[in-house]
Amino acid sequence: MNTDPLYTLGSDIELLGAVALWLVIFLRLRTVRRSRQQQMLLLAVAGIAGSITVYLDPVTAVLNRSLTFAQSCGLFMNAWGVLSSALILDFVLAAMSRRRPWLVYGPMLITIAALITLNSTIAPHAGCVTAEVVPWYSPFWWLIVAAHLVGTLPCAVLCARYALRTRGDRTLRTGLVLLAAGFASSCVFWLIVLAFLLTRPMWLGALFPLNIGITAWLMTAGTCLPLVLTAHRTVRTTLTLWRLRPLWNDLTTAVPHVTLAKPLTPISALLDSPRAAHLRLYRQVIEIRDALLILQDYVTPETIARAQHHVAAQALPEEQIRPAVTACWLLAALQAKSAGGPRRPNPLAPARTTGDSLHNEADFLTAVQRARTLPAVRSFTQSRPAPAHAPDDHTPSITTTK
């Protein structure tokens, strides 16, 4: 059985997975500064990434040329693997509030010392697991397999346990499931090593790179999920800011004193951090809402009633009625403000119907901006006044900002 294609495919997946995993770890460094548990988790993932990296063929070749310790057929890689297992176990104990560094790193040092001793005495070159001369009872490899399983298996169980407990947050649950699968895949790798020692089929050895590659990509997916969500929220926030820009420009031009800060240039806005973009959207919604509260005093209840009658006659979809009514009386208010009309307190009571969240407010204001482009709204001031009546259920929402 020719296993070369399987080995080559696995090696390619392994290399790409290792590069992707290190890239995600680098991008996550900035996001975990305020969370000790997130730092420990990222350190555990970095341990796995390092363990994967030293098994890459190009890295192994460089190590063998430049590091005498590495020339002892896999000894450096396996010592690093024991270190990564200790990092993972340390994270598990920290997550359980039972962290005991001396209980983790003490046995780690003893294990590494034992591997070096075994490699140089009774089991020379035992790191070459593919060599037929390594017996199935090799203490070198049984010790390595045990060290990895002791560190990795509890982490897989811990991530799976918390994933089952997480009910409301599907994103967090997905990330934990992916991380649990990654750690479980790492456990499978060492079980494959154990099976290879016991049975020695060559095709089983060809699965090593493929399994490591699958582990790398699962860890990458679980680790980068927060980055994907942050990018999604940032894109959504940026698009909302762009859609609200015309409405914000018109309102702050009419009522300039509501502006809290000077607007950024388009290039500066694109280079903003996700947090800065969120704060800018929050500020822009406040400014628009403040301007609406002021411009409300430039229209009468009769004008708003006429706007409701005008929109009702247009047969618009239900979700467009309230934004269209607001866009109609806002058009009249801007015209009255521009013409120097008097400002009189509007007796309409504020109503809270657009939701309490920032995105609900932004979605409603975006709908108002879209409604301003409708021919039915543009023709409002040319329509004939209708008899004034009490505001009905489509009274526009003017939400006060706390």
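Bear in mind that the values here come from a model prediction, so they are computed numbers and not experimental data. (Residues numbered from 1 in each chain as written. Predicted model: local features only at pLDDT ≥ 70, side-chain atom pairs only at ≥ 80, totals over all residues. Heavy atoms only, no water.)

### Structural notes on the packing of helix α4 (residues 75-95) against helix α6 (residues 139-165)
- As a packed pair, α4 and α6 sit with axes 9 Å apart at the nearest point and diverge in direction by 30°. Comparing the axis directions of α4 and α6 gives the class roughly parallel. Of the two possible hands of crossing, α4 and α6 adopt the one that is left-handed. Contact residues: α4 offers Leu-75, Asn-78, Gly-81, Val-82, Ser-84, Ser-85, Ile-88, Leu-89, Phe-91, Val-92 and Ala-95, while α6 offers Phe-140, Trp-141, Ile-144, Ala-147, His-148, Val-150, Gly-151, Thr-152, Pro-154, Cys-155, Leu-158 and Tyr-162. (Axes fitted to C-alpha atoms, helices over the stretch in contact; angles between N-to-C directions. Helix = DSSP H or I, 4+ residues; strand = E, 2+ residues; numbered from the N terminus. Parallel < 35°, antiparallel > 145°, perpendicular 65-115°, else oblique. Left-handed = near helix turned anticlockwise from the far one by under 90°. Contact = heavy atoms within 4.5 Å.)

### A short note on the packing of aromatic side chains
- Tallying each qualifying case throughout the model produces 5 aromatic pairs.
- Judged by centre distance (6.0 Å) and plane angle (65°), the rings of Phe-140 and Trp-141 are edge-to-face.
- Where Phe-189 meets Trp-190, the ring centres are 4.9 Å apart and the plane angle is 85°; that geometry is what we call edge-to-face.
- Take Phe-189: its relative accessible area is 9%, and that puts it in the buried class.
- Three or more aromatic residues link up through ring pairs in this structure, and these residues are Phe-140, Trp-141, Phe-189, Trp-190, Phe-196 and Phe-208.
- Here the basic side chain of Arg-165 rests over the ring of Tyr-162, its NZ or CZ set 6.0 Å away from the ring centre. (Phe/Tyr/Trp six-rings, centres within 6.5 Å; stacked < 30°, edge-to-face > 60°. Buried < 20%, exposed > 50% of the residue type's maximum accessible area, 1.4 Å probe, protein only. Lys NZ or Arg CZ within 6 Å of the ring centre and 35° of its normal.)

### Some points on a nonpolar patch on the surface
- A cluster of nonpolar residues, Leu-23, Phe-26, Leu-27 and Leu-29, forms a patch on the protein surface that exposes about 430 Å² of accessible area.
- Within the element layout of this structure, Phe-26 appears in helix α1 (residues 4-28).
- With relative accessibility at 60%, the residue Phe-26 sits in the exposed group. (Patch = residues over 30% accessible without salt bridge, like charges linked within 9 Å, V, L, I, M, F, W, Y side chains within 5 Å. Areas by Shrake-Rupley, 256 points an atom, 1.4 Å probe, with all protein chains shown as cover. Salt bridge = Lys/Arg side-chain N within 4 Å of Asp/Glu carboxyl O.)

### A word on the side chain of Thr-303
- Here Thr-303 is to be found in helix α12 (residues 301-312).
- With a relative accessible area of 16%, Thr-303 lands in the buried category.
- If we skip the residues at most four places from it in the chain, Thr-303 touches Ala-332 and Phe-380.

### Details of the side chain of Thr-111
- Here Thr-111 lies in helix α5 (residues 101-120).
- When neighbours within four sequence positions are excluded, Thr-111 is seen to be in contact with Val-82, Leu-143 and Ala-147.

### Some thoughts on the environment of Met-108
- The topology assignment puts Met-108 in helix α5.
- You can call Met-108 buried: its relative accessible area is 10%.
- Sequence separation of Met-108 and Ala-86 is 22 residues, and the distance between their C-alpha atoms is 6.4 Å.
- Setting aside residues up to four positions removed in sequence, Met-108 forms contacts with Val-82, Leu-83 and Ala-86.

### As for the environment of Ala-114
- Secondary-structure assignment places Ala-114 in helix α5.
- When its relative accessible area of 27% is taken as the criterion, Ala-114 is described as partly exposed.
- When the C-alpha positions of Ala-114 and Phe-140 are compared, they lie 8.3 Å apart, and in sequence the two are 26 residues distant.

### Section: α4
- A rise of 1.5 Å per residue sets the reference length of α4, with its 21 residues, at 30 Å; its end C-alpha atoms lie 31 Å apart and thus fit the reference within 8%.
- In the stretch just after α4, Ser-97 is the one whose phi turns positive, near 60°. (Expected span 1.5 Å × (residues − 1).)

### Digging into helix α2 (residues 36-53)
- Its 18 residues place the ends of α2 25 Å apart at the C-alpha level, agreeing with the 26 Å of an ideal helix rising 1.5 Å per residue.
- Burial analysis of α2 places 13 of its 18 residues in the buried class, the great majority of the element.
- Measuring from the side-chain oxygen of the N-cap residue of α2 to the backbone nitrogen of Gln-38 gives 3.2 Å; that N-cap residue is Ser-35. (Polar contact = N/O pair within 3.5 Å; in protein donor to acceptor, adjacent residues only side chain to side chain.)

### Brief notes about the nonpolar core
- Formed by 52 residues in total, the largest nonpolar core has its most connected members in Phe-91 and Phe-183.
- Going through the elements one at a time, α1, α2, α4, α5, α6, α7 (170-199) and α9 (207-254) are the ones with two or more residues in this core.
- Residue contributions to this core peak at 10 residues, all from α4.
- Not counting chain neighbours up to four residues away, the residues in contact with Phe-91 comprise Gln-37, Met-40, Leu-41, Ala-44, Cys-155 and Leu-158.
- Val-299, Ile-304, Val-311 and Ala-327 belong to the second-largest nonpolar core, a separate cluster that totals 38 residues. (Core = buried A, V, L, I, M, F, W, Y, C linked by side-chain atoms within 4.5 Å.)

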